[in-house]
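Chains, contacts and geometry: an overview
Chain by chain, the residues run as shown.
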Amino acid sequence: MVNNEEILKRMQQNNARGEELVKFIQQELPSIQKAATKAKTEKLAIEIKEKNQQLKKDLEFWKNRVIELEVMTGLKQYPLPSDTNKVNITAKEPIQNAPVKVNSESSSNATSNSGVKQDQPKKEANLEKKEAAVAKKEKGPKSSKPEKQPASEEKDINVSRLDLRIGRILNAKKHPDAESLYVEEIDVGEDKPRTVVSGLVKFVPLEEMQNRLVVVLCNLKPAKMRGVTSEAMVMCASTPDKVEILTPPPNAVPGDRVVCDEYPGEPDTLLPPKKKIFEQVAPDLKTDGDCNATYKSALLKVADKGVVKSTTLTNVQIK
């Protein structure tokens, strides 16, 4: 049997080791706390960086969306002034604000001649009244029949008002004054290609923009986007995180019209910006669960050739 002395000795040794361990932990505790704080800080920094990148991405998406909506409503886009323009503007300001010197001699001459010229406006006004009366007699009374409104105003507002056509991108390049925009030359079956500006740089690589079939909205009012006039709009399935250019049927060719059988009709030559036709139709343009492009759940297609589709995006907006 182990005697009491050996047990006591072991207890003293264990107690000494425990004290050493406590001293070691006390010595290393600041380092452990510092390392834990550093790890937590680094993790927080990574999370903040990721959130910041996502916010930038969302901001870019909505900025491009605002530009597209402004273009559709006929608002002109102006490039930001360069440093050269700022210098020129600064140089002109003193000239514009400079005091105007009045020649006392010319002023006195003008005063002396004022009496001669004073009656001239009255004579001219009387002559204009006489001419207006003669013209009114020759023209005759106004017709009581109301003027006939343009046919485009009498149509129902639906997808048939949109001139959606198949186009082929002949070439694409980055916009010289906007990092997020492409400038494309697109064949839509006309005598010459149309110039189109699209906010797709963040979503579609430049090499994938070349020589591909797309769906193009052709009857928007042309508008300048950062100095380049855009004559149409490339249609895409779109979310804040992902954008896919719509894919036409395999046998489609430039100039083929995209139609919806449930909503027949001829498109407007030009969508009137004040009527906001596209803005009223756009909320019902979506992809369905099978990636098919639809309007109010009715398929968008090229007659006898097939349905327009997105690559992977389902149940999302088409813009």
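Each remark here, short or long, concerns the structure printed above.
Figured I'd write up the structure that's included with this text. (Residues numbered from 1 in each chain as written. Predicted model: local features only at pLDDT ≥ 70, side-chain atom pairs only at ≥ 80, totals over all residues. Heavy atoms only, no water.)

**Considering the sheet that holds strand β2 (residues 182–187)**
Sheet strands line up and pair through hydrogen bonds in the backbone, either parallel or antiparallel. The sheet built from five strands is open, its strands ordered β3-β2-β1-β4-β7 with antiparallel pairing. Two strands lie at the open edges of the sheet, namely β3 (194–198) and β7 (233–234), each paired on one side alone. (Pairing = 2+ DSSP bridges. Helix = DSSP H or I, 4+ residues; strand = E, 2+ residues; numbered from the N terminus.)

**A closer look at the pattern of salt bridges**
Per the stated rule, a full pass over the model turns up eight salt bridges. When the shortest N-O distance is used, the salt bridge between K305 and D256 registers 2.7 Å. One end of the pair, K305, is in the loop between β14 (301–302) and β15 (306–307); the other, D256, is in the loop between β9 (243–245) and β10 (258–259), with 49 residues separating them in the sequence. On the basis of relative accessibility, which here comes to 15%, the residue D256 falls in the buried class. Taking the shortest distance from any N to any O, the salt bridge between D261 and K301 comes out at 3.1 Å. Of this pair, D261 sits in the loop between β10 and α7 (277–281) while K301 sits in strand β14, and the two are 40 residues apart along the sequence. (Salt bridge = Lys/Arg side-chain N within 4 Å of Asp/Glu carboxyl O. Buried < 20%, exposed > 50% of the residue type's maximum accessible area, 1.4 Å probe, protein only.)

**Quick look at unusual backbone geometry**
Most peptide bonds are trans, and most residues other than glycine sit at a negative phi. Within the chain, C291 stands out as a residue other than glycine whose phi angle is a positive 70°. Mapped onto the fold, C291 is located in the loop between β11 (285–287) and β12 (293–295). If you check the backbone angles, N315 has positive phi at about 55° while not being a glycine. Structurally, N315 is set in the loop between β15 and β16 (317–318).

**Description of the nonpolar core**
If you look at the biggest cluster of nonpolar residues, it comprises 30 residues, and the most contacted ones within it are V159, L162, M235, F278 and L285. Looking at this core, the elements that each hand over two or more residues are β1 (164–174), β4 (213–217), α7 and β12. Ignoring sequence-local partners within four residues, the contact set of V159 consists of L164, C260, Y263, V281, L285, Y295 and L300. Counting residues in hydrophobic clusters, the runner-up holds 20 residues, among them A172, I186, V204 and C236. (Core = buried A, V, L, I, M, F, W, Y, C linked by side-chain atoms within 4.5 Å. Contact = heavy atoms within 4.5 Å.)

**Topic: the pairing of β3**
Burial analysis of β3 places five of its five residues in the buried class, which makes it a mostly covered element. Side-chain alternation along β3 places R194, V196 and S198 on one buried face and T195 and V197 on a second face that is also buried. In terms of strand pairing, β2 meets β3 through five bridges, oriented antiparallel. Across the sheet, the residue bridging to I186 is R194, located in β3. Between β2 and β3, which pair antiparallel in sequence order, lie six residues; one of them, G189, sits at a positive phi of approximately 85°.

**Some points on a nonpolar patch on the surface**
A cluster of nonpolar side chains, contributed by L21, F24 and I25, occupies part of the molecular surface with about 300 Å² of accessible area. Structurally, the position occupied by L21 is in helix α1 (residues 4–72). On the basis of relative accessibility, which here comes to 51%, the residue L21 falls in the exposed class. (Patch = residues over 30% accessible without salt bridge, like charges linked within 9 Å, V, L, I, M, F, W, Y side chains within 5 Å. Areas by Shrake-Rupley, 256 points an atom, 1.4 Å probe, with all protein chains shown as cover.)

**Some details on the side chain of S230**
Looking at the element boundaries, S230 is found in strand β6 (residues 228–230). Contact partners of S230, with chain neighbours within four places excluded, come to T195, V196, V197, P222, A223 and M225.

**Some points on the sheet that holds β10**
Here three strands make up an open sheet; going across it, the order is β10-β14-β15 and the pairing antiparallel. Looking at the sheet topology across the chains shown, the edges are occupied by β10 and β15. Where β10 meets β14, two bridges bridge the pair, whose relative direction is antiparallel. Its bridge partner being in β14, V259 is matched across the sheet by K301.

**Remarks on the side chain of R165**
Among the secondary structure elements, R165 is positioned in strand β1. Polar contacts involving the side chain of R165 include one to the side chain of D163, which spans 2.8 Å. If sequence neighbours within four positions are ignored, R165 has contacts with V188, E190, R194, V214, V215, V216, C218, G255, D256, R257 and V258. (Polar contact = N/O pair within 3.5 Å; in protein donor to acceptor, adjacent residues only side chain to side chain.)

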